[in-house]
Amino acid sequence: KQESPRTARDDSKDLAMCRILLAELESHQDAGPFLTPVNPKSVPGYRKIIKKPMDFSTIRDKLTNSQYLNLETFIIDVNLVFDNCEKFNEDNSVIGRAGHTMRRFFQRRWTELLRQN
Ligand SMILES: Cc1nnc(-c2cnn(C)c2N)n1CCCn1ccnc1
């Protein structure tokens, strides 16, 4: 589309896109480690190392309670899940690899959906 850069993008489909993207993340085969909050009592060091915990069920609650202003704030929370995972886990570990796989999947899907929009 040849538009002048000053035109805002059409964000009317953003909420629907967030719902689609979150459903795909939640149902991904490698989603297990990210479905619920990490329990800091059962994971030594987690509370100290990870300043802003985030997981898919928390994102689901925020989406349900209209706490995401736009697609960008939603993408920031999803990437926080993967950034926390990378910080706390070795790349060469089951959870570390799951985080990389899920981040790549999310990156591809939101760019695909944005292009369709
Ligand atoms: C997410 C996430 N990042 N690190 C962990 C974790 C929990 N215990 N240990 C030793 C970690 N490195 N987690 C939560 C992973 C919990 N889980 C759920 C299904 N499979 C793993």
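The rules behind the values
- Residues numbered from 1 in each chain as written.
- Predicted model: local features only at pLDDT ≥ 70, side-chain atom pairs only at ≥ 80, totals over all residues.
- Heavy atoms only, no water.
- Salt bridge = Lys/Arg side-chain N within 4 Å of Asp/Glu carboxyl O.
- Helix = DSSP H or I, 4+ residues; strand = E, 2+ residues; numbered from the N terminus.
- Buried < 20%, exposed > 50% of the residue type's maximum accessible area, 1.4 Å probe, protein only.
- Near = heavy atom within 4 Å.
- Polar contact = N/O pair within 3.5 Å; in protein donor to acceptor, adjacent residues only side chain to side chain.
- Areas by Shrake-Rupley, 256 points an atom, 1.4 Å probe, with all protein chains shown as cover.
- Expected span 1.5 Å × (residues − 1).
- Contact = heavy atoms within 4.5 Å.
- Axes fitted to C-alpha atoms, helices over the stretch in contact; angles between N-to-C directions.
- Parallel < 35°, antiparallel > 145°, perpendicular 65-115°, else oblique.
- Left-handed = near helix turned anticlockwise from the far one by under 90°.
- Nonpolar A, V, L, I, M, F, W, Y, C, P; charged D, E, K, R; others polar.

Novice: So what's going on with the pattern of salt bridges? Which residues, and what values?
Specialist: Tallied over the entire structure, the rule returns 8 salt bridges. Here arginine 60 ties to glutamate 26 by a salt bridge, and the two come within 2.7 Å at their closest N and O atoms. On the criterion of sequence distance, the pair formed by arginine 60 in helix H3 (residues 56-64) and glutamate 26 in helix H1 (residues 14-26) is long-range, its members being 34 residues apart. Given the relative accessible area of 26%, arginine 60 is considered partly exposed. Of the residues examined, glutamate 26 reaches a relative accessible area of 27% and is grouped as partly exposed. The shortest N-O distance in the salt bridge between aspartate 77 and lysine 62 comes to 2.7 Å. With aspartate 77 in helix H4 (residues 71-88) and lysine 62 in helix H3, this pair connects stretches of sequence that are 15 residues apart. Put simply, Glu24, Arg108, Arg109 and Glu112 are held in one network by salt bridges that share partners.

Novice: Report on the site of the ligand, specifying residues and quantitative values.
Specialist: Neighbouring the ligand are Gly32, Pro33, Val38, Val43, Phe88, Asn89 and Ile95. Measuring from a nitrogen atom of the ligand, one finds a side-chain N or O atom of asparagine 89 at 2.8 Å. In isolation the ligand exposes 490 Å². Once the protein is present, 58% of that is buried.

Novice: Break down H4 for me, with residues and values.
Specialist: Spanning 18 residues, H4 covers 26 Å between terminal C-alpha atoms, matching the ideal 26 Å at 1.5 Å per step. Restricting attention to buried positions, one finds in H4 the residues Leu71, Phe74, Ile75, Asp77, Val78, Asn79, Leu80, Val81, Phe82, Asn84 and Cys85. Those residues of H4 that are buried are in contact with H1, helix H2 (46-49), H3 and helix H5 (94-116).

Novice: Would you mind going over the packing of H4 against H5 in detail, with residue names and values included?
Specialist: The geometry of H4 relative to H5 is characterised by a closest axis approach of 8 Å and an angle of 160° between their N-to-C directions. It follows from the interaxial angle that H4 and H5 lie roughly antiparallel. Two packed elements cross with a definite hand, and for H4 against H5 that hand is left-handed. Contact with H4, carried on its side by Leu71, Phe74, Ile75, Val78, Asn79, Phe82, Asp83, Cys85 and Glu86, involves Ile95, Gly96, Gly99, His100, Met102, Arg103, Phe106, Trp110 and Leu114 of H5 and no other residues of that element. Residue composition of the contact of H4 with H5, by class: 11 nonpolar, 4 polar and 3 charged.

Novice: Would you mind going over the environment of proline 53 in detail, with residue names and values included?
Specialist: By secondary structure assignment, the location of proline 53 is in the loop between H2 and H3. Look at proline 53 and you get exposed, because its relative accessible area is 53%. Taking the C-alpha atoms as reference points, proline 53 and proline 40, 13 residues apart in sequence, are found 9.7 Å from one another.

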